Amino acid sequence: MIETVDLRFGYDDRPVLRGVDFTAESGEVTVLLGRNGAGKSSLLKQFNGLLEPDGGYVKVDGERVTYDDDGLERVRKRVGFVFQRPADQLVAPTVGQDVAFGPANDRDAAVDPDGPTVGRALERVGLSGYGERLCSRLSNGERKRVALAGVLATDPDCVVLDEPTAGLDGDGTRALIDRLRGLASEGLTVVVSTHYPGFASAVGDAYAILDDGRIGYRGRTLDGVDSEAFGLRRFDR
Ligand SMILES: Nc1ncnc2c1ncn2[C@@H]1O[C@H](COP(=O)(O)OP(=O)(O)OP(=O)(O)O)[C@@H](O)[C@H]1O
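Note that the coordinates shown come from a computational prediction; the quantities given were computed from them, not determined experimentally.

Asker: I'd like a description of the overall build of the protein chain, backed by residues and values.
Answerer: What the protein chain contains, in helices and strands, is seven helices and ten strands. Its C-alpha atoms give the protein chain a radius of gyration of 17 Å, within 12% of the compact-globule value 18 Å for 237 residues. Dimensions of the protein chain along its principal axes, counting C-alpha atoms only, are 50 × 45 × 30 Å. Buried residues in the protein chain amount to 43% of all 237 residues.

Asker: Could you give an account of the site of the ligand, with specific residues and numbers?
Answerer: Around the ligand, the structure places Y11, V16, G34, N36, G37, A38, G39, K40, S41 and S42. Here the shell around the ligand gets three residues from one element, more than from any other, and that element is helix α1 (residues 40-44). For the shell around the ligand, the residue count by class is three nonpolar, six polar and one charged.

Asker: Explain the pairing of strand β2 (residues 14-24) to me, using residue names and the numbers behind them.
Answerer: Pairing of strand β1 (residues 2-11) with β2 involves eight bridges; the strand directions are antiparallel. Bridge pairing in β2 places I2 opposite A24.

Asker: Break down the environment of P93 for me, citing the residues and quoting the values.
Answerer: Within the secondary structure, P93 is located in the loop between β6 (79-82) and α3 (95-107). Counting along the chain gives 26 residues from P93 to G119, while the straight-line C-alpha distance between them is 17 Å. Among all residues touching P93, those that are not within four sequence positions of it are L134 and C135.

Asker: Which residues make up the nonpolar core, and what are the values?
Answerer: Core analysis: the largest hydrophobic core is formed by 64 residues, its most contacted members being V82, V99, A149, V159, V160, V190 and V191. Here this core takes six residues from helix α5 (residues 140-152), the largest share from any one element. Apart from residues lying up to four places away in sequence, V190 is in contact with V29, V159, L180, L183 and A184.

Asker: Explain unusual backbone geometry to me, using residue names and the numbers behind them.
Answerer: Apart from glycine, the bulk of residues carry a negative phi angle, and the bulk of peptide bonds sit in the trans form. Within the chain, D6 stands out as a residue other than glycine whose phi angle is a positive 45°. Structurally, D6 is set in strand β1. Backbone geometry at D212 places phi at a positive 55°, although glycine is not the residue there. Along the chain, D212 turns up in the loop between β9 (206-211) and β10 (214-219).

Asker: So what's going on with the environment of E132? Which residues, and what values?
Answerer: By the secondary structure assignment, E132 is in the loop between α4 (116-124) and α5. The spatial distance from the C-alpha of E132 to the C-alpha of V95 is 6.2 Å, given a sequence separation of 37 residues. Non-local contacts of E132, meaning those with residues more than four positions away in its chain, are made with T94 and G96.

The rules behind each value
What you see as residue numbers is a count from 1 along each chain, following the sequence as written. Since the coordinates come from a predicted model, pLDDT governs what is reported: local features require at least 70, and pairs of side-chain atoms require 80 or more to be given and counted, while whole-chain, interface and lining totals use all residues. In DSSP terms, a helix is any run of H or I states spanning at least four residues, a strand is any run of E spanning at least two, and both are numbered starting from the N terminus. All radius of gyration figures rest on C-alpha atoms, and the globule criterion is 2.2 Å times the number of residues raised to 0.38. Exposure criterion: with C-beta atoms placed from backbone coordinates, a residue whose C-beta has 20 or more other C-beta atoms within 10 Å is buried, one with 12 or fewer is exposed, and one in between is partly exposed. Whether a residue is near a molecule or strand depends on its C-beta atom, generated from backbone atoms, being within 6 Å of that molecule or strand. Residues are sorted three ways: Asp, Glu, Lys and Arg are charged, Ala, Val, Leu, Ile, Met, Phe, Trp, Tyr, Cys and Pro are nonpolar, and all the rest, Gly among them, are polar. When DSSP finds two or more bridges between two strands, those strands count as paired. Each residue gets a C-beta atom placed from its backbone, and two residues are in contact if those atoms lie within 7 Å. By definition, a nonpolar core groups buried Ala, Val, Leu, Ile, Met, Phe, Trp, Tyr and Cys residues that are joined through C-beta atoms within 7 Å.

Any link to function would need more than the numbers given here.
Okay, here's the thing in structure tokens:
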């Protein structure tokens with residue numbers, strides 16, 4: 001479970017988050033929506049300490065996040081973050097080496113790119129047998145799956161994905177929905193930001209809409225929500 005209480009954050013004194021109370025339950029997919037520049041990425045990056053709040057706090061599985069080395073290490077083990085652009089995440093030449101990187105870092109010991117940890121993670125994203133492939137030769141959709149596999153290989157309790165459908169086609173999006181629903185059914189806390197109401201409705205158990213630096217709507221359906229008032233794409237599209 002991820003929770004924020006009266007979370008405040010800004011860049012160079014320009015406030016973006018102005019008192020955000022957000023909750024994502026374990027075993028559920030929580031979808032974060034909001035107009036361009038509403039602060040979705042800035043909020044998601046608080047969940048594993050990539051950004052530090054100016055006020056308020058973040059709790060993961062009941063424990064308040066601290067920003068000393070130990071605290072950051074603990075939260076990063078619990079919460080995996082998948083960036084919008086896989087280029088920001090992939091670090092090694094081959095798929096297997098890349099997926100092995102996170103768990104090796106966690107354990108402070110080498111992890112075999114051909115071993116079971118990497119194999120299981122690749123299987124979970126539908127990329128069994130891809131271990132020897134070069135990341136640079138993969139399609140954008142495949143790279144996104146490798147980035148997710150790299151996160152899953154570290155065995156997190158929570159997975160946070162920033163705009164994961166960007167650049168995916170219909171089949172890619174449907175497969176992603178199944179994958180994220182699957183992770184939630186295993187008990188993980190899954191949080192995902194998106195601009196696409198169709199994807200949001202198909203994947204989500206719960207919804208939060210960022211508006212004017214706060215959560216303007218929170219609920220278990222998007223039905224009846226005034227998309228225009230929140231600057232969102234229309235929900236019937
Ligand atoms: N590193 C940064 N330095 C200064 N301002 C930033 C930085 N990152 C984001 N911002 C600004 O903070 C605000 C919130 O940005 P953020 O990326 O969190 O919004 P978002 O809801 O994810 O946007 P989008 O839907 O367009 O991806 C925007 O006005 C953005 O320009």
